[in-house]
Amino acid sequence: MKKKSLRVPVLCLICGLLLSSVAFAVSNRTITVSYGDITIYLNGEKKVATDVSGKAVEPLIYEGTTYVPVRAISEWFGKTVTWQGSTNSVLISDSAFSDTEVSAAEDVIENFFGLFGAGQYQEMKALCTGDAAGFDYASGVFGMKVAKLLSCTYNGDYSARANKLVFECSFEMKPAANSVYDPNQTKTSCLIYAEKVGGQFRISEFASGF
């Protein structure tokens, strides 16, 4: 396995230019931390830290040390993060699925929506299993009559809990007739689950959740 590295722009750490400060009270102690457009790169790729709901969380600096949410940094390195409330513990473990499996399942999702855009509805069913294989995709996908896949992000935490590959997907779309969406809504998101069937990954479920 290749050794992975984390790079934070040095100027952000040394100069602290354009940083704003904010104070926190922790156990009757007040500390001052700094924010300010801190950029994080993983093997040259820009990364954005997010919380469990997918909301962006900005890194901060305290006494010369840069802090990034443990969930974000762990998932970037392919780990699964679980919060154990009973013991106030953060549990970090190896991902339940390999990078190759994640990539293969993501390809299936991308192919699925490529077929949807081309109106090849029967071919779409061939990429599905379980309940997802029985849907009439000519009527739409998850309430979308037209859908362009904008992002497809693997969620290792959800996947470990479900024992299935789970992706957070966002779309540019047009609502189907009688869907729950506002007729003028143009973007949405959902969770897509994938399972291995006969050595191949297939879409098994669409769900709301982020």
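This text goes with the structure placed above it.
Along every chain, residues carry numbers that run from 1 in the direction the sequence is written. Restriction of local features to residues with pLDDT of at least 70 applies here, the model being predicted, together with a cutoff of 80 or more for giving and counting side-chain atom pairs; totals for whole chains, interfaces and linings are based on all residues. Just so you know, side-chain values use all the structure's heavy atoms and leave hydrogens and water out.

Undergrad: Residue-level account of the pattern of salt bridges, with values.
TA: What makes a salt bridge here is a side-chain nitrogen of Lys or Arg within 4 Å of a carboxyl oxygen of Asp or Glu, nothing more. According to the stated counting rule, one finds two salt bridges in the structure shown. In this structure, E101 and K196 form a salt bridge, with 3.4 Å as the shortest nitrogen-oxygen distance. Taken together, the residues span a long stretch of sequence, with E101 in helix α3 (residues 99-117) and K196 in strand β12 (residues 187-197) at a distance of 95 residues. A salt bridge links E195 to K164, with the shortest nitrogen-to-oxygen separation between them at 3.4 Å. Here E195 is found in strand β12, whereas its partner K164 is found in the loop between α5 (156-162) and β11 (165-175), with 31 residues between them in sequence. Secondary structure follows DSSP: runs of H or I at least 4 residues long count as helices, runs of E at least 2 residues long count as strands, and numbering of each begins at the N terminus.

Undergrad: Tell me about the packing of aromatic side chains, and please be specific about residues and values.
TA: Between the rings of Phe, Tyr and Trp (Trp by its six-membered ring), a pair exists once the centres lie within 6.5 Å; its type follows the angle of the planes, with under 30 degrees stacked, over 60 edge-to-face, and the other angles tilted. In the structure shown here, the tally under the stated rule is eight aromatic pairs. An angle of 85° between the planes, with centres 6.0 Å apart, marks the rings of F135 and Y137 as edge-to-face.

Undergrad: Would you mind going over the layout of surface pockets in detail, with residue names and values included?
TA: By volume, the second largest pocket amounts to about 160 Å³. Lining the second largest pocket we find D37, I38, T39, I40, K46, K47, V48, A49, A56, V57, E58 and P59. Residues are grouped as follows: Ala, Val, Leu, Ile, Met, Phe, Trp, Tyr, Cys and Pro are nonpolar; Asp, Glu, Lys and Arg are charged; every other residue, Gly included, is polar. Within the lining of the second largest pocket, the residues separate by chemical class into seven nonpolar, one polar and four charged. The pocket and cavity definitions rest on a 1 Å grid over protein atoms only: a 1.4 Å probe that fits but cannot leave marks a cavity, an open set with protein on both sides within 12 Å along at least five of seven lines marks a pocket, and residues lining either have an atom within 4 Å of a point. Grid points are joined across faces, edges and corners, and a volume is the space filled by probe spheres set on the points.

Undergrad: Describe the side chain of N155, and please don't skip the residues or the numbers.
TA: Assignment of secondary structure puts N155 in the loop between β10 (144-154) and α5. The cut-offs for exposure are 20% and 50% of the maximum accessible area for each residue type, with area from a 1.4 Å probe on protein chains only; residues under the lower value are buried, those over the upper are exposed, and the others partly exposed. Here N155 falls in the buried class, since its relative accessible area comes to 6%. Within the structure, N155 has its side chain in polar contact with the backbone nitrogen of Y158 (distance 2.8 Å). For this analysis, a polar contact is any N or O atom pair within 3.5 Å, provided that within protein one partner can donate a hydrogen and the other can accept it, and provided that sequence-adjacent residues contribute only side-chain to side-chain pairs.

Undergrad: Can you tell me about the sheet that holds β11, naming the residues and giving the values?
TA: Strands are labelled as partners when DSSP assigns at least two bridges between them. Pairing is antiparallel in the open sheet, where four strands are placed in the order β10-β11-β12-β13. Looking at which strands have only one partner, the edges of the open sheet turn out to be β10 and β13 (200-207). Between one strand axis and the next, the sheet turns by 35° as a mean value, whatever way the strands run. Pairing between β11 and β12: eight bridges, direction antiparallel. Each bridged residue has a counterpart across the sheet, and for C169 the counterpart in β12 is C190. In the packing of α3 onto the sheet, contacts are made with β10, β11, β12 and β13, and the angle to β10 comes to roughly 165°. A fitted line through C-alpha atoms represents every axis, and for helices the fit uses only the stretch in contact; the resulting angles, taken between N-to-C directions, go from 0 to 180 degrees. Residue contacts follow a heavy-atom distance rule, with two residues in contact if any of their heavy atoms lie within 4.5 Å.

Undergrad: Give me the nonpolar core: which residues, what numbers.
TA: Each nonpolar core is a collection of buried residues, namely Ala, Val, Leu, Ile, Met, Phe, Trp, Tyr and Cys, held together in the definition by side-chain atoms within 4.5 Å. Within the largest apolar cluster, 30 residues are counted, with the highest numbers of intra-cluster contacts made by F112, F113, V141, I192, I203 and F206. For this core, the elements supplying multiple residues, two or more each, are α3, β10, β11, β12 and β13. F112 has contacts with M124, L127, C128, Y137, V141, I203 and F206, leaving out every residue within four places of it along the chain. Among the nonpolar cores identified, the runner-up in size contains six residues, and I40, A49, A72 and W76 belong to it.

Undergrad: Residues and numbers for unusual backbone geometry, please.
TA: For N43, which is not a glycine, the phi torsion comes out positive at approximately 50°. Turning to its location among the elements, N43 is positioned in the loop between β4 (40-42) and β5 (45-47).

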